[in-house]
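Understanding the architecture of this molecule
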Amino acid sequence: MICDAIQRLINYGITQNLITKADQFVVQNQLMEALHLTDWQLSGAGTEPDASIDAILQPLIEYACSNGIIADTAASRDLFDTKLMGILTPMPHEMIAKFQERYQESPEAATDWYFDISQKLNYVRAGRIAKDKKWKYASEYGMLDITINRSKPEKDPRDIAAARNQKAAAYPKCQLCPENAGFSGNPNHPARQNLRPIPMQIDGQNWELQYSPYGYYHEHCIVFNDAHVPMKVDHAIFEKLFDVLDFLPHYFIGSNADLPIVGGSILSHEHFQGGHYTFPMAVAPIEIPVSLAAYPNVQAGILKWPMSVVRLSSINRKELSDACNTILEQWRSYSDATVGIYAETDGTPHNTITPIARKKGDAYECDLVLRNNRTSEDRPLGIFHPNPSLHHIKKENIGLIEVMGLAVLPARLAVELDVLKEAMLQHEDLTANPQTASHAVWAAEVQKQHPEFCKENAEAILQAEVGKVFEQVLCDAGVFKRDEAGKTAFLKFLQIFA
């Protein structure tokens, strides 16, 4: 019975401290309204919330589909289950008060609570995130994290058509604007009735903290400016990143670059990404120490990492910020034709950085990843971008998360690699199948290098070889290559500051 399913959701809300027993009838009536019910009758069957939130929501969604309340498409289902969870979601002032109460205990206690309740509210889609495939790869530069992103649902053609027919709207301006909290969504914009961001003060401005619905790592958070202003990497960005660390010292925080190709997916709204996670790059060692004559209290060096990274650290926050900005400003206008680096062509700028900050005890540490987004006729996706031979595994842009050593690979690989493995074991013609054709050349080389390839080790070999591809992806994205010419050119750039 549908009323039993509703009661199960209500009981879930009570046991997870989203609502209290005093809220029961108000919540019950709102859920009945959402499901177009005019009568309430329990069957006497069990209504204990002994399943995951996805399982609890499932019969309610199915009822809505079968009774014509919503269309039976992935987007409609997501809009509807978010609407139901929004009914159980506390008001912003309640969430903020509870966060602040726990913050008095410690910043970590506050984020522990906030991340936990974000999962309970199904804003962070833990059930879907669990579907992502993950493994480690031992590279020359340490352990790399490999993930195949299966958490985001595939687009239904009917949803695509509905989105195309949806009247364009300017509210909210984008998915990062504060007006998203409580928004009902539409075919072009996800529902956010269960979103409750936490306010912060960053560089004297109003910012907010929330988690990513489909996080790629533990407590994957987004910190965004309340104002809809574009991404900008300048002197102020370092002070902003360090402000976040002062508020959340157990988190790392970073910004995507501010240019296309090497930048983030939403360049129109200033935001950072962070979380409670140690990335492979964070534990990479300094390979070559360098001196910054103007900043005696700042330690600096070139990181042993496939991309071109300068690490700076100091307990003197202002001096560190100034040092970071000096390198940024020099890089903006730096060219070196011997290694194919040009700061601009025909007035179009190409050089920028991806900055990532963290605290190590009392010291602030900031990694500056040098980026260049120049393209060419034979490399239209970017010269410092995965080369075409790697596109069968990774063709998409290399952003902040991947810079730090976590591969976010497309969902198609979850199926393609399984099909490929079986085809390789059966010695089939890989070029004859659309799901394996793009991998054929690579797969032949894998089998050549692994004559022992068999059913027992096929999975492990393919995972290791995918990891090797990602390592090369990062090397390709590095502006100063890891060969002698690249290392010499990198040191030449940094000698400016000696």
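Since we're looking at a predicted model, the values are computed, not measured.

Each value, and the rule that gives it
- Residues numbered from 1 in each chain as written.
- Predicted model: local features only at pLDDT ≥ 70, side-chain atom pairs only at ≥ 80, totals over all residues.
- Heavy atoms only, no water.
- Helix = DSSP H or I, 4+ residues; strand = E, 2+ residues; numbered from the N terminus.
- Rg over C-alpha atoms; globule rule 2.2 N^0.38 Å.
- Buried < 20%, exposed > 50% of the residue type's maximum accessible area, 1.4 Å probe, protein only.
- Contact = heavy atoms within 4.5 Å.
- Areas by Shrake-Rupley, 256 points an atom, 1.4 Å probe, with all protein chains shown as cover.
- Lys, Arg positive; Asp, Glu negative; His and termini not counted.
- Charge placed at Lys NZ, Arg CZ, Asp CG, Glu CD.
- Polar contact = N/O pair within 3.5 Å; in protein donor to acceptor, adjacent residues only side chain to side chain.
- Pairing = 2+ DSSP bridges.
- Axes fitted to C-alpha atoms, helices over the stretch in contact; angles between N-to-C directions.

**Details of the overall build of the protein**
Broken down by element type, the protein carries 15 helices and 15 strands. Here the C-alpha atoms of the protein give a radius of gyration of 25 Å, agreeing with the 23 Å that 2.2 N^0.38 yields for 498 residues. Along the three orthogonal principal directions, the C-alpha set of the protein runs to about 75 × 60 × 45 Å. Per-residue burial for the protein yields a buried fraction of 55% across its 498 residues. Looking at the protein alone, contacts between residues at least 24 apart form 64% of all its contacts between residues at least 6 apart. Carbon together with sulfur atoms contributes 52% to the accessible area of the protein, which is approximately 21,900 Å² in total. Computing the positive centroid from 46 side-chain charges and the negative centroid from 62, the protein places the two 1 Å apart.

**Notes on the side chain of E270**
With respect to the secondary-structure elements, E270 resides in the loop between β6 (252-254) and β7 (271-275). Here E270 falls in the buried class, since its relative accessible area comes to 5%. A distance of 2.7 Å separates the side chain of E270 from the side chain of K240, its partner in a polar contact. Contacts of E270, omitting those with residues within four sequence positions, involve W207, F224, N225, V229, P230, M231 and K240.

**Some thoughts on unusual backbone geometry**
Of note, the amide linkage connecting Y171 to P172 takes the cis form, showing an omega dihedral of -15°. Within the chain, D203 stands out as a residue other than glycine whose phi angle is a positive 55°. When you line up the elements, D203 lands in the loop between β3 (198-202) and β4 (205-211). For D203, a relative accessible area of 37% puts it in the partly exposed group.

**Considering the environment of I261**
With respect to the helices, strands and loops of the structure, I261 is situated in the loop between β6 and β7. Between the C-alpha atoms of I261 and L390, which are 129 residues apart in sequence, the distance is 17 Å. When sequence neighbours within four positions are dropped, the list of residues in contact with I261 reads N373, T375, L381, N397 and I398.

**Describing the sheet that holds strand β1 (residues 133-139)**
Within the open sheet, the three strands sit side by side as β1-β2-β15. Their pairing is mixed. The sheet is open, and its two borders are formed by β1 and β15 (406-409), each paired with just one other strand. The sheet shows a mean angle of 25° between the axes of neighbouring strands, direction not considered. Here β1 pairs with strand β2 (residues 142-148) via seven bridges, running antiparallel. Bridged to W135 within β2 is I146. Along the sheet, helix α12 (residues 412-425) contacts β1, β2 and β15; its crossing angle with β2, the most-contacted strand, is approximately 100°. Of the strands in this sheet, β1, β2 and β15 touch helix α14 (residues 458-477), which is tilted by about 65° from β1.

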